[in-house]
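Coordinates in review
What follows is the residue order along each chain.
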Amino acid sequence: MYDFVLNHLLATMPQTSAFAQSDTLFGFLLTIFLFVKSDIKTTLIPVTILCVSSAPLCTPDRIFPLVWWIFLHLLQFDTSNQIQDVEEDAKNKPIRPLPAGRISLRHATILRWSLVPACWIVSVLHGGPVLFSSVALVLFTILYNELQANRHWLTKNIVTAIGFASFEVGGMLIAGCDTLRLDAVGCLSVAISTAVFATTIHTQDFKDEAGDRLIGRMTLPIVSPQVGRASILPLLAMWSIALSFVWQLTWAGTILLLCFSVLIGVRFMLLRSRVADQTSFLLYNMWLSVVHMLPGYWRYLRYQDDPFII
């Protein structure tokens, strides 16, 4: 329903190659939104949840600067990514601004590099460690996109996982009361999240297989589709059990999380159409968001006075 309304809205708007149809503020904001639309569920929501639950959140008024910081860096990454392979997006995601003709490649490139100093200016307002996270994220963005680490599944997974870690460290520092350091729970959360991403992020590549083949990208679904699909169930099940023990989830919670992971793994094995893979990946992101809530569950509901929190 959401995509139907958005597609209808876009169809009724005049298309130009000028920057973001900037004759109207709404057109500009819509183009910015379309750059990040597909990553709201994969990055903005899960990372925000992890930062709020792991930092922990100092005061409610930290939520807006946290979300703004993540959004701005996500926009920086997405513009960098989408100016590289427009033909892939024309195949996989034609609604994006470049294949849809909402912005020219030249203007998108200007936007991409203008966002780098913007990210650093916003970050330095929160202190040196947040700026360091921003610089690291920009460097890993360049490595992933401009230097094409995303062309092979192994480097793609590793760089993606480390990039997410940069998101999470910067976000936690903004969300927490101490902008100079993370406590033990925060550090453990980032380490676990990095490992989870590195081992399971190939779930996002099945729905994009057609476009990836078009540009010669060697993702796991292309290099070894059977191994890629078969690995999802045991990996998600293993992480569900392990994290339930790490964060001391109840037995009922552990069983529910495990059953959810099995459902996702079975879907990837049995349902292999592009639409089915999109739905399975959406369910994966829901599982990831639940996993990212577990540090907050442990911190707030299990052992608030445990000496582990330092």
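Since we're looking at a predicted model, the values are computed, not measured.

1. Topic: the side chain of Ser-280
In this structure, Ser-280 sits in helix H14 (residues 274-302). Under the relative-accessibility criterion, Ser-280 is labelled buried at 0%. Not counting chain neighbours up to four residues away, the residues in contact with Ser-280 comprise Ile-264, Arg-267 and Phe-268.

2. Describing the pattern of salt bridges
For the structure on display, the rule yields 12 salt bridges. Between Arg-151 and Asp-85 there is a salt bridge, and its shortest N-O distance comes to 3.1 Å. With Arg-151 in the loop between helix H7 (128-144) and helix H8 (153-175) and Asp-85 in the loop between helix H4 (63-82) and helix H5 (86-92), this residue pair connects regions lying 66 residues apart in the sequence. Close ionic contact of Arg-213 with Glu-209 constitutes a salt bridge, the shortest N to O distance being 2.9 Å. Placement of the pair is Arg-213 and Glu-209 together in helix H10 (residues 209-215), with a separation of four residues, close to one helical turn. Residue classification places Arg-213 among the partly exposed residues on the basis of a relative accessible area of 48%. Using a relative accessible area of 22% as the deciding quantity, one classes Glu-209 as partly exposed.

3. Some words on empty space enclosed by the protein
Taken as a whole, this structure holds two cavities of 30 Å³ or more when the rule is applied. Its boundaries defined by the atoms lining it, the largest cavity holds a volume of some 580 Å³. Around the largest cavity sit 35 residues that line it, and Asp-39, Phe-77, Asn-81, Tyr-144 and Gln-204 are the ones nearest its centre. When contributions to the lining of the largest cavity are tallied by element, the ones reaching two or more residues are helix H3 (40-54), H4, H5, H7, H8 and H14. Among the elements that take part in the lining of the largest cavity, H8 stands out by supplying six residues, more than any other. Within the lining of the largest cavity, the residues separate by chemical class into 11 nonpolar, 10 polar and 14 charged. Computed from the structure, the second largest cavity encloses a volume of approximately 50 Å³. When residues of the lining of the second largest cavity are traced back to their parent elements, those giving at least two are helix H9 (184-200) and H14. Sorting elements by how many residues they give to the lining of the second largest cavity places H9 first, with four residues.

4. Structural notes on H9
Spanning 17 residues, H9 covers 24 Å between terminal C-alpha atoms, matching the ideal 24 Å at 1.5 Å per step. Regarding H9, the residues found buried are Val-185, Gly-186, Ser-189, Val-190, Ile-192, Ser-193, Val-196, Phe-197 and Thr-200. Lining the buried residues of H9 we find H3, H8, helix H12 (225-246) and H14. For H9, the N-terminal capping position is held by Asp-183, with its side-chain oxygen 3.2 Å away from the main-chain nitrogen of Val-185.

About the criteria used
- Residues numbered from 1 in each chain as written.
- Predicted model: local features only at pLDDT ≥ 70, side-chain atom pairs only at ≥ 80, totals over all residues.
- Heavy atoms only, no water.
- Helix = DSSP H or I, 4+ residues; strand = E, 2+ residues; numbered from the N terminus.
- Buried < 20%, exposed > 50% of the residue type's maximum accessible area, 1.4 Å probe, protein only.
- Contact = heavy atoms within 4.5 Å.
- Salt bridge = Lys/Arg side-chain N within 4 Å of Asp/Glu carboxyl O.
- 1 Å grid on protein atoms, 1.4 Å probe; cavity = no way out; pocket = protein on both sides within 12 Å on 5 of 7 lines; lining within 4 Å.
- Points joined across faces, edges and corners; volume = space filled by probe spheres on them.
- Nonpolar A, V, L, I, M, F, W, Y, C, P; charged D, E, K, R; others polar.
- Expected span 1.5 Å × (residues − 1).
- Polar contact = N/O pair within 3.5 Å; in protein donor to acceptor, adjacent residues only side chain to side chain.

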